[in-house]
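# Commentary on secondary and tertiary structure
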Amino acid sequence: MTTFVDRVVLHMQAGDGGHGCVSIHREKFKPFGGPDGGDGGHGGSVSLVVDPQVTTLLDFHFRPHLKAENGKGGAGSNRDGANGHDLLIKVPNGTVVQTLDGTVLADLVGAGTTFEAARGGRGGRGNASLANSRRKAPGFAELGEPGDQLDVVLELKSVADVGLVGFPSAGKSSLISVISAAKPKIADYPFTTLVPNLGVVRVDNHTFTVADVPGLIPGAATGKGLGLEFLRHVERCAVLVHVVDTATLEPGRDPLADIDTIEAELAEYGGLADRPRLVALNKVDVPDGQDLADIVRPDLEARGFRVFDVSAATRVGLKELTYAMAELVDESRRAAPPAEPTRIVIRPKAVDDAGFTIEAAADGSFTVRGSRPERWVRQTNFDNDEAVGFLADRLARLGVEEKLAKAGAHPGDLVRIGEREFDWQPTLYAGVDFVPGNRGTDVRLEEKSSRPAAAERLAARKARRQRPEDELVGADGDDVLGADGDGDALDEG
């Protein structure tokens, strides 16, 4: 028997970006040819796409872990790494994507509808891409960004215009088998139908779909039987048809009680009160069934239902029932608002939006939140001092240093960016008159550096140029400065 699964939990992992490469071009007679490290490739993304050929989520029940391909690392000679292949997951029409707490991320209706669930990580730049006029040969490269990790719940809600509801063995499967080309399993015992069946019905120039919703019994909305598993399949139906067994031999069963029970379950499930209803009194080919149908028809019509006597075995009354279905479906389609084309909405950033925020905690620490600072931290190799200095330059240019000072941060305070924690030291003079050192090092990060700061060097240079005139002329009136202007007397011998 075919297994039907309409709710699964997927564990998605997008591909990680490849690391950038640190390389220096070398060849004969060119011992230092400049940086030529290539960039890393981007990681693959995980996307969901609607495929009409897929009707169940069974494959994901046995294979819930999905991972896209990682990006390849860069190499020397300016060779970029290959991008990871995207993972395209085919899902049935009507699949709803939710988070574990029930937040709806996407409602996939229509063939070809695509939703990117997990985005792949960016590839890190190689040292060839990081070179500039001041840092001509970077001794570091960016790390690849990790891909998104996401756990989602997929729920399948059948996309049908008409939903057949009723007790088990009421004849719903037999009815859908004679009004459409669907071939469901039919037997004379309850819960024969364990899979929602879809059928396409054509009436004159009208075409609509009918869904057979199985397993509705008292308490279905609270999880009894199979009702809770399949009640979600009536949410998209525009018309509901009560299929009532008028020839049942079960004690305590009658058409009015069956309809009241099903209506109570639909009301408890919620969201279906506005759907128009029809009542199909099935199995009137049985003499007792026709007699019971004649008895209950006035009561049902008094409640406002349109009642039809039908028989799936002899096909009595099916033409009138299908025409009534088509009429209600056509009314529902005309009342629906016209589909509007997708509007492209452009939301420019505010003038004063720096792209990050700073949150001060009660313990005196500060947290920097923003996509760019957090991404830069993830792509930084903290074992390389030059890479750390480059990160400090980027954060300073973004304005993180200035905003931390305005927020009340002091040297030595704990600052968090992403998953990293730092002791803030604004004395690094980030972004100010950088002088490259040996590859992989940064003099600003040395614990005890005797190198004066840029501001101190500039002040000393100005002081030398503005010395008083009495210090520039010797006691005998001779000029102390030599002809070369560097303060050393020229050798006249």
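First, a word on what this report is: a plain description of the structure on this page. (Residues numbered from 1 in each chain as written. Predicted model: local features only at pLDDT ≥ 70, side-chain atom pairs only at ≥ 80, totals over all residues. Heavy atoms only, no water.)

Take the sheet that holds strand β4 (residues 87-91) next. Pairing within the open sheet is mixed, and its three strands lie in the order β4-β2-β7. The two strands at the open ends of the sheet, each matched to only one other strand, are β4 and β7 (114-118). The average angle at which neighbouring strand axes cross in this sheet is 30 degrees, direction not considered. As defined by bridge partners, strand β2 (residues 46-50) adjoins β4 across five bridges and the pair is classed as parallel. Looking at β4, one finds that Val49 is bridged to Lys90. (Pairing = 2+ DSSP bridges. Helix = DSSP H or I, 4+ residues; strand = E, 2+ residues; numbered from the N terminus. Axes fitted to C-alpha atoms, helices over the stretch in contact; angles between N-to-C directions.)

Under the criterion given, the structure shown has 21 salt bridges. Between Lys283 and Asp245 there is a salt bridge whose closest N-O contact spans 3.2 Å. Here Lys283, found in the loop between β13 (277-282) and α6 (287-302), pairs with Asp245, found in strand β12 (residues 239-245); they are 38 residues apart in sequence, far enough to count as distant. A relative accessible area of 8% places Asp245 in the buried class. A salt bridge links Lys406 to Glu402; the nearest nitrogen and oxygen atoms lie 3.2 Å apart. With Lys406 and Glu402 both in helix α10 (residues 400-406) and four residues apart, this pair spans about one turn of that helix. Under the relative-accessibility criterion, Lys406 is labelled exposed at 66%. Beyond isolated ion pairs, a larger network of salt bridges with shared partners links Arg125, Glu142 and Arg394. (Salt bridge = Lys/Arg side-chain N within 4 Å of Asp/Glu carboxyl O. Buried < 20%, exposed > 50% of the residue type's maximum accessible area, 1.4 Å probe, protein only.)

Another point: the packing of helix α8 (residues 371-378) against helix α9 (residues 385-398). Two quantities define a packed helix pair, namely the angle between the axes and the distance from one axis to the other. With their axes 11 Å apart at the nearest point, α8 and α9 run at an angle of 175 degrees to one another. Comparing their axes, α9 and α8 come out roughly antiparallel. Counted together, Arg372, Pro373, Trp376 and Val377 of α8 and Leu391, Arg394, Leu395 and Leu398 of α9 form the full contact between these two elements. In terms of residue class, the contact of α8 with α9 is made up of six nonpolar, no polar and two charged. (Parallel < 35°, antiparallel > 145°, perpendicular 65-115°, else oblique. Contact = heavy atoms within 4.5 Å. Nonpolar A, V, L, I, M, F, W, Y, C, P; charged D, E, K, R; others polar.)

This brings us to unusual backbone geometry. Glycine aside, residues mostly have negative phi angles, and peptide bonds mostly take the trans form. One non-glycine residue, Asp204, adopts positive backbone phi at about 55 degrees. Mapped onto the fold, Asp204 is located in the loop between β10 (197-203) and β11 (206-212). On the accessibility criterion, Asp204 (62% relative accessible area) is exposed.

Before going further, it helps to spend a moment on empty space enclosed by the protein. Evaluation of the coordinates by the stated rule reveals two cavities of 30 Å³ or more. Taken as a whole, the largest cavity spans an internal volume of roughly 60 Å³. Together, Phe140, Ala141, Glu142, Trp376, Gln379, Thr380, Asn381, Ala387, Phe390, Leu391 and Arg394 line the largest cavity. A per-element tally of the lining of the largest cavity places α9 first, with four residues. Across the lining of the largest cavity, the residue classes break down as six nonpolar, three polar and two charged. (1 Å grid on protein atoms, 1.4 Å probe; cavity = no way out; pocket = protein on both sides within 12 Å on 5 of 7 lines; lining within 4 Å. Points joined across faces, edges and corners; volume = space filled by probe spheres on them.)

A few words on the sheet that holds strand β6 (residues 104-108). Read from one edge of the open sheet, five strands run β3-β1-β8-β5-β6, paired in mixed fashion. For this open sheet the edge positions go to β3 (65-67) and β6, each flanked by a neighbour on one side alone. Strand-to-strand twist across the sheet, computed as the mean angle between neighbouring axes with direction ignored, equals 25 degrees. The sheet contact formed by strand β5 (residues 95-99) and strand β8 (residues 149-156) spans five bridges and is antiparallel. Considered in β8, the bridge of Thr95 is made with Leu156.

This paragraph deals with the packing of helix α3 (residues 172-179) against helix α7 (residues 318-335). Look at α3 against α7: their axes get within 12 Å of each other, and the N-to-C directions meet at 85 degrees. Of the possible angle classes, the one that applies to α3 and α7 is roughly perpendicular. On α7, the residues that touch Leu175, Val178 and Ile179 of α3 are Leu318, Leu321 and Thr322. Here the residues of the contact of α3 with α7 are counted per class, giving five nonpolar, one polar and no charged.

A word on the packing of aromatic side chains. Overall, the coordinates contain two aromatic pairs when judged by the stated rule. The interplanar angle of 45 degrees and the centroid separation of 5.2 Å between the aromatic rings of Phe140 and Phe390 together place this pair among those described as tilted. Placement of the pair is Phe140 in the loop between α2 (127-130) and β8 and Phe390 in helix α9, with a sequence separation of 250 residues. Looking at Lys403, its charged tip hangs above the ring of Phe356, at a distance of 5.2 Å from the centre. (Phe/Tyr/Trp six-rings, centres within 6.5 Å; stacked < 30°, edge-to-face > 60°. Lys NZ or Arg CZ within 6 Å of the ring centre and 35° of its normal.)

The next thing to look at is the nonpolar core. Note that soluble globular proteins tend to have their nonpolar side chains buried in a common cluster. By size, the foremost hydrophobic cluster in this structure holds 25 residues, and its most contacted members are Val162, Leu164, Phe208 and Val241. Those elements that place two or more of their residues in this core are β9 (162-165), α3, β10, β11, β12, β13 and α7. For this core, the leading source of residues is α7, giving seven residues. Leave out the neighbours within four places in its chain, and Val162 touches Phe208, Thr209, Val210, Ala211, Cys237, Val239, Val241, Met325 and Val329. Counting residues in hydrophobic clusters, the runner-up holds 22 residues, among them Phe60, Val97, Ala106 and Leu108. (Core = buried A, V, L, I, M, F, W, Y, C linked by side-chain atoms within 4.5 Å.)

In this section: the side chain of Glu142. By secondary structure assignment, the location of Glu142 is in the loop between α2 and β8. There is a polar contact of 3.0 Å between the side chain of Glu142 and the side chain of Arg394. Beyond its immediate chain neighbours, meaning those up to four positions away, Glu142 contacts His19, Gly20, Gly124, Arg125, Leu130, Gln379, Phe390 and Arg394. (Polar contact = N/O pair within 3.5 Å; in protein donor to acceptor, adjacent residues only side chain to side chain.)

Bridge count between strand β17 (residues 414-417) and strand β18 (residues 420-423): four bridges; the pairing is antiparallel. By the bridge assignment, Val415 is partnered in β18 with Phe422.

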